[in-house]
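Report on the structure
Single-letter residue listing:
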Amino acid sequence: GENVEQHPSTLSVQEGDSAVIKCTYSDSASNYFPWYKQELGKRPQLIIDIRSNVGEKKDQRIAVTLNKTAKHFSLHITETQPEDSAVYFCAAVNSGGYQKVTFGTGTKLQVIP
Amino acid sequence: ETGVTQTPRHLVMGMTNKKSLKCEQHLGHNAMYWYKQSAKKPLELMFVYSLEERVENNSVPSRFSPECPNSSHLFLHLHTLQPEDSALYLCASSTLGQNNEQFFGPGTRLTVL
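To start, this report covers the structure provided alongside it. (Residues numbered from 1 in each chain as written. Chains lettered and ligands numbered in written order. Predicted model: local features only at pLDDT ≥ 70, side-chain atom pairs only at ≥ 80, totals over all residues. Heavy atoms only, no water.)

With respect to the packing of aromatic side chains
- Summed over the entire model, instances satisfying the criterion amount to 12 aromatic pairs over all chains.
- Seen from their ring centres, F33 of chain A and F73 of chain A are 4.9 Å apart, and the 50° between their planes marks the pair as tilted. Pair noted here: F33 of chain A is in strand β4 (residues 32-38) and F73 of chain A is in strand β8 (residues 72-77), with a separation of 40 residues, a long-range link. Judged on exposure class, the residue F33 of chain A and its partner F73 of chain A are both buried.
- Ring-pair connections join several aromatic residues into one group, and the members of that group are Y36, F89 and F103 of chain A together with Y33, Y35 and F104 of chain B. (Phe/Tyr/Trp six-rings, centres within 6.5 Å; stacked < 30°, edge-to-face > 60°. Helix = DSSP H or I, 4+ residues; strand = E, 2+ residues; numbered from the N terminus. Buried < 20%, exposed > 50% of the residue type's maximum accessible area, 1.4 Å probe, protein only.)

Below, the structure is given as structure tokens:
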């Protein structure tokens with residue numbers, strides 16, 4: 001089955017700095033890679049995703065890169081703000097029909113004002 | 001947000017009790033999922049229902065029994081649980097097909113005494 005590793009487990013940055021979270025996956029059949037943000041006491045919510053036929057995607061301050069050959073993908077947050085503080089989960093999905101999702105272990109991001 | 005709702009939000013039960021968790025989605029989705037979220041562990045996929053048929057059971061003990069009577073409702077029946085089953089149980093739904101976002105419910109915080 002799929003195995004997703006995520007690093008680091010915790011990350012503290014000063015407000016305005018960038019944050020990078022990295023994930024690796026094992027199953028070459030995975031073809032969809034979403035990132036979820038979970039604020040304390042709340043549900044996970046999708047913030048950005050990337051399909052396997054794309055190498056990079058950007059949405060305002062958030063970007064994701066995918067290297068299929070190396071089987072790794074990364075989340076980049078620029079100009080961090082205190083409201084970016086949350087736990088971020090990467091996931092690898094084999095989506096032939098229903099979604100078989102394997103999540104990473106999560107990264108707790110703290111943005112220090 | 002009312003797209004995916006879960007009840008109850010909190011549940012405390014003894015090891016000999018029988019209880020049920022309920023999930024309802026109002027998004028017109030045709031796939032539903034149960035996840036377990038424990039401290040310091042990744043989100044673990046438990047069950048997947050596609051068009052009301054169970055298509056995935058990730059080696060979940062039989063003390064957890066899912067039920068999907070229609071495409072809008074999903075239940076998780078609990079019987080003779082163990083203290084290590086204490087966790088946040090999240091329901092999610094999506095549309096079948098490739099690369100579709102999963103929408104999560106707020107979760108049920110379960111404590112087994």
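Comments concerning the interface of chain A and chain B
- Each partner contributes to the interface: chain A provides 19 residues, whereas chain B provides 25 residues.
- Between chain A and chain B the total buried area reaches about 2100 Å² when both faces are included, carbon and sulfur atoms providing 47% of it.
- When residues of chain A are sorted by the area they lose upon contact with chain B, R43, Y98 and Q99 of chain A head the list and together hold 34% of the total.
- For the pair chain A and chain B, the interface holds 0 salt bridges.
- Taken together, the connections running from chain A to chain B amount to 4 residue pairs in polar contact (both at pLDDT 80 or more).
- A breakdown of the residues in the side of chain A that touches chain B according to their chemical character gives 8 nonpolar, 8 polar and 3 charged. (Contact = heavy atoms within 4.5 Å. Buried area = accessible area lost by both parts, 1.4 Å probe. Salt bridge = Lys/Arg side-chain N within 4 Å of Asp/Glu carboxyl O. Polar contact = N/O pair within 3.5 Å; in protein donor to acceptor, adjacent residues only side chain to side chain. Nonpolar A, V, L, I, M, F, W, Y, C, P; charged D, E, K, R; others polar.)

What about the side chain of H29 of chain B?
All names here are of chain B.
- Summarising the element assignment, H29 is placed in the loop between β3 (18-25) and β4 (31-37).
- A relative accessible area of 8% means that H29 is categorised as buried.
- At 2.7 Å, the side chain of H29 forms a polar contact with the side chain of S93.
- When residues no more than four places from it in sequence are discounted, the contact partners of H29 are S71, S93, S94, T95 and F103.

Concerning the nonpolar core
- Residues W35, F73, L75 and L109 of chain A are the most contacted members of the largest nonpolar core, which totals 23 residues.
- Listed by contribution, the elements that provide at least two residues to this core are β2 (10-14), β3 (19-25), β4, β5 (45-51), β7 (62-67), β8, β9 (86-94) and β11 (107-112) of chain A.
- Listed in part, the 22 residues of the second largest apolar core include M46, V60, A87 and C91 of chain B. (Core = buried A, V, L, I, M, F, W, Y, C linked by side-chain atoms within 4.5 Å.)

Topic: the sheet that holds β3 of chain B
All names here are of chain B.
- What the 4 strands build is an open sheet, ordered β1-β3-β8-β7; its pairing is antiparallel. Two strands in the sheet have a free side with no partner beyond their single neighbour: β1 (4-7) and β7 (64-70). The mean angle between the axes of side-by-side strands here comes to 20°, regardless of whether they run parallel or antiparallel.
- Here β3 runs beside strand β8 (residues 73-79); their pairing, made up of 7 bridges, is antiparallel. Bridge pairing links E24 to H73 in β8. (Pairing = 2+ DSSP bridges. Axes fitted to C-alpha atoms, helices over the stretch in contact; angles between N-to-C directions.)

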